[in-house]
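Coordinate analysis (summary)
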Amino acid sequence: MAENGPKRGLAANEDIPISKFGGEDHGKKSQVNWQYNWDSTTKKKQPWAEYVPMLWGTQSFHTDQWFDNAWYWISHGDTGHLLAFNEPDRPDQANLSPGDAANGWKKFMEPFVGHAQLGAPAVSNGGYQWLSQFLGACEDCHIDFIPVHWYNDYTLENDLESWVNKICELGGRKIWITEFQGFGSIDEQQNFLKKAMPFLDKNDCVYRYAYFGTADNSKVLLENDGPNLSSLGTQYAFSPYGAGSL
């Protein structure tokens, strides 16, 4: 990715149509160039996006297929990055202790060192202590970047900025915000992104980010479930790099 290139991506379940996030609109080129789906393979790879496999958790139905899928996408899909466990700090998600996550990371992620850039587990915005403990337990791991999530009210954009800067300082690595959303009406979320996207684009510590809105439980980036984009989706995809609106 170019130093001042696109950072925007999509967290999209398999049944969500995302084809119209590519190309051009309003005379502007899409800034979306990567996708993931909380799984390690997809049938919806877009020609304009890198697909990034994720090892969601350490259950066998994730790990049994992990190596085959990850190697396939690295070898045949031009994939250069891998994501690890999803919100292991939460009991309703991957639900791992920092020590167990470190052991799992060494077993399932470390074999890809030198073949792809590797991400730490992605914590929720309540997972600072968990992440700190994980980085201590995985001190000898080859972690290239740190993914995090952030959900809060649209009025708290400053809290997003503080959270990002705090994680950058903790890990000393590039970070990805693989899920984030400023809760509110479409107009309120548009105002949130007008501030958030310029901050994320211009922050050298932030390598990539994905607004939450192409998932089964949040389709705010789509109009009537897609494939056409909502006004928010158009703003997200086609606002120029470093800008928050068209």
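From a predicted model like this one, the values you see are computed outputs, not experimental measurements.

**Considerations on the pattern of salt bridges**
Going through the model one piece at a time under the given rule, you end up with 6 salt bridges. A salt bridge links Arg 8 to Asp 201; the shortest N-O distance between them is 2.9 Å. Of this pair, Arg 8 sits in strand S1 (residues 8–12) while Asp 201 sits in helix H5 (residues 186–202); the two residues are 193 residues apart in sequence, bridging distant segments of the chain. Owing to a relative accessible area of 0%, Arg 8 belongs among the buried residues under this scheme. A salt bridge links Asp 92 to Arg 90, with the nearest nitrogen and oxygen atoms 2.8 Å apart. Assessed through its relative accessible area of 46%, Asp 92 is described here as partly exposed.

**Topic: the nonpolar core**
Counting residues in hydrophobic clusters, the biggest one holds 74 residues, and the most contacted among them are Trp 105, Phe 134, Phe 180 and Tyr 236. Residue contributions to this core peak at 6 residues, all from H5. Those residues within four positions of Tyr 236 in sequence are excluded, and the remaining contacts are Arg 8, Gly 9, Leu 10, Val 32, Leu 193, Met 197, Tyr 209, Ala 210, Tyr 211 and Leu 221.

**Quick notes on the environment of Gln 189**
Relative to the assigned elements, Gln 189 resides in helix H5. Take Gln 189: its relative accessible area is 3%, and that puts it in the buried class. Excluding its chain neighbours within four sequence positions, the residues that come into contact with Gln 189 are Gln 181, Gly 182, Gly 184, Tyr 211, Val 220 and Leu 232.

**A short note on the pairing of strand S8 (residues 145–153)**
Two elements, S8 and strand S9 (residues 174–183), share 9 bridges in a ladder whose sense is parallel. Paired with Asn 152 across the two strands is Gly 182, which belongs to S9. As a crossover connection, the stretch from S8 through helix H4 (residues 157–171) into S9 is right-handed.

**A closer look at the pairing of strand S4 (residues 32–36)**
Within S4, 4 of the 5 residues are buried, which leaves it mostly tucked inside the rest of the structure. One ladder, built from 4 bridges, connects S1 with S4; its direction is parallel. Looking across to S4, one finds that Arg 8 is bridged to Val 32. Summarising the sheet, S4 and strand S5 (residues 50–51) pair through 2 bridges and their orientation is parallel. Across the sheet, the residue bridging to Gln 35 is Tyr 51, located in S5.

Criteria and thresholds
Residues numbered from 1 in each chain as written. Predicted model: local features only at pLDDT ≥ 70, side-chain atom pairs only at ≥ 80, totals over all residues. Heavy atoms only, no water. Salt bridge = Lys/Arg side-chain N within 4 Å of Asp/Glu carboxyl O. Helix = DSSP H or I, 4+ residues; strand = E, 2+ residues; numbered from the N terminus. Buried < 20%, exposed > 50% of the residue type's maximum accessible area, 1.4 Å probe, protein only. Core = buried A, V, L, I, M, F, W, Y, C linked by side-chain atoms within 4.5 Å. Contact = heavy atoms within 4.5 Å. Pairing = 2+ DSSP bridges. Right-handed = clockwise from strand over helix to strand, strands pointing away.

These figures capture arrangement, not role.
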